[in-house]
Amino acid sequence: MKTELNQAQERDWASLPPDVLNLIAKLLNEITHFVRFRAVCPLWRSSTPDTDLAQQFPWILDNRKDPHDPNLNFYSVSFNKIYTIHVPRSINKTFSGHSDQYMFTLSQHHQAVSLLNPLNNHDIPLPAYQLVTSPHWIGPQQTKMGEYVVCYGHSGHQSPKLVFCHPGQNNWQELELSSDYTDCHHFYLRGMLFSIERTTGATKVTNIADGTLAYVIPPVEGHLGNCAEYLVEDSRGDILRVPRYNPRFINGFDVYRLDVATKSGLPCWVKVNNIGSQALFMDRDGGFALRASHLSGIKENCIYFLKTIFIRVHIEPSYGVERIDIETGAREHLPCPLKEPVSWFVPSLRHLSAQ
């Protein structure tokens with residue numbers, strides 16, 4: 001027994017085989033654990049490149065009151081921890097949307113726009129935004145090579161306009177839209193602009209390359225106007241529409257899957273109550289899907305909604321995460337200690353190269 005104990009104490013952990021180290025690293029779903037793991041010694045670091053980062057638990061970004069403060073606060077729901085990240089390139093910038101791993105930022109003093117990864121302070125400049133006022137990020141949900149960055153806004157005469165570019169380009173490309181697109185929720189997925197009309201609920205699908213209308217998806221049965229809308233591409237490649245209804249009337253979400261292979265040949269939204277081993281993460285700017293089976297502690301077939309709770313006038317609102325079971329509608333409130341959480345964020349160390 002004593003001999004076995006001595007052998008364990010004398011084991012050289014720095015000499016573990018690289019393939020074993022890589023397997024261990026792929027089980028580290030909290031990025032701080034992954035960073036510390038790589039910091040143990042040169043061999044562990046070289047055996048676990050940051051491109052092999054496992055699927056990470058999403059964090060929540062806190063609203064920064066002082067734009068001159070270079071520090072951003074994030075909260076990990078799964079580990080109940082607040083992380084303060086020093087991000088010098090976030091100074092004097094506001095956030096106007098996000099993909100899963102990059103923030104879309106607007107400079108407060110100049111017409112500068114960029115994509116920012118707050119974990120590694122990697123900033124990708126985008127063309128200035130003279131073309132539209134108050135540009136709002138509408139896609140993509142996953143930041144990757146070769147993908148357009150797409151913003152929606154208005155030009156001087158208040159007509160709706162879409163602008164898009166590849167990271168690294170010097171100018172935005174423009175797509176002038178008709179007045180029919182004014183009162184819509186807009187999303188960019190798979191090279192297409194999805195525009196959900198607020199009043200009718202019909203969805204126009206437009207090719208952003210040439211502005212041609214590809215097809216129109218009829219409204220869902222029983223559509224209620226003036227509800228918030230989300231469009232998410234899930235991990236299986238399905239496009240999900242998730243309306244959130246006014247809690248004064250109906251306190252809940254519905255989930256619909258886009259079906260393009262119908263017998264009639266016309267695309268439609270099909271209501272579903274099961275999205276498999278996935279979870280949806282929603283905030284005021286949008287949403288994304290993650291495989292819950294890769295993240296212990298995240299319940300599958302659920303929506304994690306970043307919610308503001310207003311109690312009474314003149315009383316500070318409280319914030320939290322509401323977890324909604326898509327099949328049963330059961331709800332659970334998960335407290336959030338941040339002062340004013342604004343959006344979900346998936347931690348990543350990777351660099352997206354400008355083209």
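In this text, all values refer to a predicted model and were calculated from it rather than measured experimentally.

Enquirer: I'm lost on the side chain of N121 in this one. Help?
Expert: Structurally, the position occupied by N121 is in the loop between strand 6 (113-117) and strand 7 (122-126). For N121, the side chain forms a polar contact with the main-chain nitrogen of R89, separated by 3.1 Å. Apart from residues lying up to four places away in sequence, N121 is in contact with V87, P88, R89 and L116.

Enquirer: How should I be thinking about the packing of aromatic side chains in this particular structure?
Expert: Where two aromatic rings form a pair, the distance of their centres and the angle of their planes describe that pair. As enumerated under the stated definition, the model contains nine aromatic pairs in all. A centroid spacing of 5.0 Å and a plane angle of 75° characterise the contact between F281 and W344, whose relative ring orientation is edge-to-face. You can see F281 sitting in strand 20 (residues 278-283) and its partner W344 sitting in strand 25 (residues 341-345), a full 63 residues away along the chain. Overall, the relative accessible area of 1% leaves F281 in the buried class. The aromatic ring of Y181 is capped on one face by K204, whose charged end is 4.9 Å from the ring centroid.

Enquirer: Got a minute to help me understand the sheet that holds strand 1 (residues 59-62) in this structure?
Expert: Within a beta sheet, neighbouring strands are joined by backbone hydrogen bonds and run either parallel or antiparallel to one another. One open sheet accounts for four strands, arranged 3-2-1-25; its pairing is antiparallel. Since the sheet does not close on itself, it has two edges, and those belong to strand 3 (81-86) and strand 25, each with one partner. Across this sheet, the average inter-strand angle for adjacent strands is 30°, counted without regard to direction. Across six bridges, strand 2 (residues 71-76) lies against strand 3 in antiparallel orientation. Within the sheet, the bridge partner assigned to L72 lies in strand 3 and is I85.

Enquirer: Got a minute to help me understand the sheet that holds strand 13 (residues 192-197) in this structure?
Expert: Overall, antiparallel pairing links the four strands, which are arranged 12-13-14-15 in an open sheet. A single partner strand is all that each edge strand has here, and the edge strands are strand 12 (184-189) and strand 15 (213-217). With direction set aside, neighbouring strand axes in the sheet form an average angle of 20°. With four bridges connecting them, strand 14 (residues 203-207) and strand 15 associate as antiparallel partners. Its bridge partner lying in strand 15, K204 is registered against V216.

Enquirer: Just to check I follow, could you spell out the pairing of strand 16 (residues 228-233) for this structure?
Expert: One face of the sheet, then the other: side chains in a regular strand alternate in exactly this way. Among the six residues in strand 16, five count as buried, and that is most of the element. Direction of pairing for strand 16 relative to strand 17 (residues 239-244): antiparallel, over a ladder of six bridges. What sits directly across from E233, in strand 17, is I239. Between the antiparallel neighbours strand 16 and strand 17 lie five residues, among them G237 with a positive phi of about 95°.

Enquirer: I would appreciate a short explanation of helix 3 (residues 31-38) in the present structure.
Expert: The periodicity of an α-helix, 3.6 residues per turn, causes residues three or four positions apart to be oriented the same way. Here helix 3 has its buried residues at I31, T32, F34, F37 and R38. Looking at the buried side of helix 3, the elements it contacts are helix 2 (18-25), helix 4 (42-47), strand 1 and strand 3.

Enquirer: Quick question: what am I supposed to make of the environment of S76 here?
Expert: If you trace the backbone, S76 turns up in strand 2. Assessed through its relative accessible area of 0%, S76 is described here as buried. Sequence-wise, S76 and C336 are 260 residues apart; in three dimensions their C-alpha atoms are separated by 9.1 Å. For S76, the residues in contact, after removing those within four places along its chain, are E30, W59, K81 and Y83.

Enquirer: What am I meant to see in the nonpolar core here?
Expert: In globular proteins that are soluble, nonpolar side chains generally tend to be buried together. In this structure, W59 and F74 are the most contacted members of the largest nonpolar core, which totals 23 residues. Breaking this core down by element, the ones donating at least two residues are helix 2, helix 3, strand 1, strand 2, strand 3 and strand 25. Counting residues per element, this core draws most heavily on helix 3, at three residues. Setting aside residues no more than four positions away along its own chain, F74 makes contact with W59, I60, L61, K81, I82, Y83, I85, P118 and F345. In terms of nonpolar packing, the next biggest core, distinct from the first, is built from 19 residues, A292, I298, L306 and V346 among them.

Enquirer: Hey, could you run me through the pattern of salt bridges in this one?
Expert: If charged atoms from side chains of opposite charge come close, those side chains can pair. A full pass over the atoms with the stated rule returns 11 salt bridges. Among the salt bridges present, the one from D234 reaches R236, with a minimum N-O distance of 3.8 Å. Look at D234 and you get buried, because its relative accessible area is 6%. With relative accessibility at 45%, the residue R236 sits in the partly exposed group. When salt bridges with common partners are traced through the structure, they connect K307, E322 and R331 into a single cluster.

Enquirer: Please explain unusual backbone geometry as it appears in this structure.
Expert: Residues other than glycine predominantly adopt negative phi, and peptide bonds predominantly adopt the trans conformation. One non-glycine residue with positive phi stands out, namely N80, at about 50°. Within the fold, N80 resides in the loop between strand 2 and strand 3. In this structure, N121 is a non-glycine residue whose phi angle is positive, near 60°. On the accessibility criterion, N121 (19% relative accessible area) is buried.

Enquirer: What am I meant to see in helix 2 here?
Expert: L21, N22 and A25 are the residues of helix 2 that are buried. Looking straight down helix 2, one finds that the buried residues subtend no more than 100° of arc, so they occupy a single side. More than 90 degrees from the buried face of helix 2, the exposed residues found are D19 and L23.

Reading the values: the criteria
- Residues numbered from 1 in each chain as written.
- Predicted model: local features only at pLDDT ≥ 70, side-chain atom pairs only at ≥ 80, totals over all residues.
- Heavy atoms only, no water.
- Helix = DSSP H or I, 4+ residues; strand = E, 2+ residues; numbered from the N terminus.
- Polar contact = N/O pair within 3.5 Å; in protein donor to acceptor, adjacent residues only side chain to side chain.
- Contact = heavy atoms within 4.5 Å.
- Phe/Tyr/Trp six-rings, centres within 6.5 Å; stacked < 30°, edge-to-face > 60°.
- Buried < 20%, exposed > 50% of the residue type's maximum accessible area, 1.4 Å probe, protein only.
- Lys NZ or Arg CZ within 6 Å of the ring centre and 35° of its normal.
- Pairing = 2+ DSSP bridges.
- Axes fitted to C-alpha atoms, helices over the stretch in contact; angles between N-to-C directions.
- Core = buried A, V, L, I, M, F, W, Y, C linked by side-chain atoms within 4.5 Å.
- Salt bridge = Lys/Arg side-chain N within 4 Å of Asp/Glu carboxyl O.
- Arc of directions from axis to C-beta.

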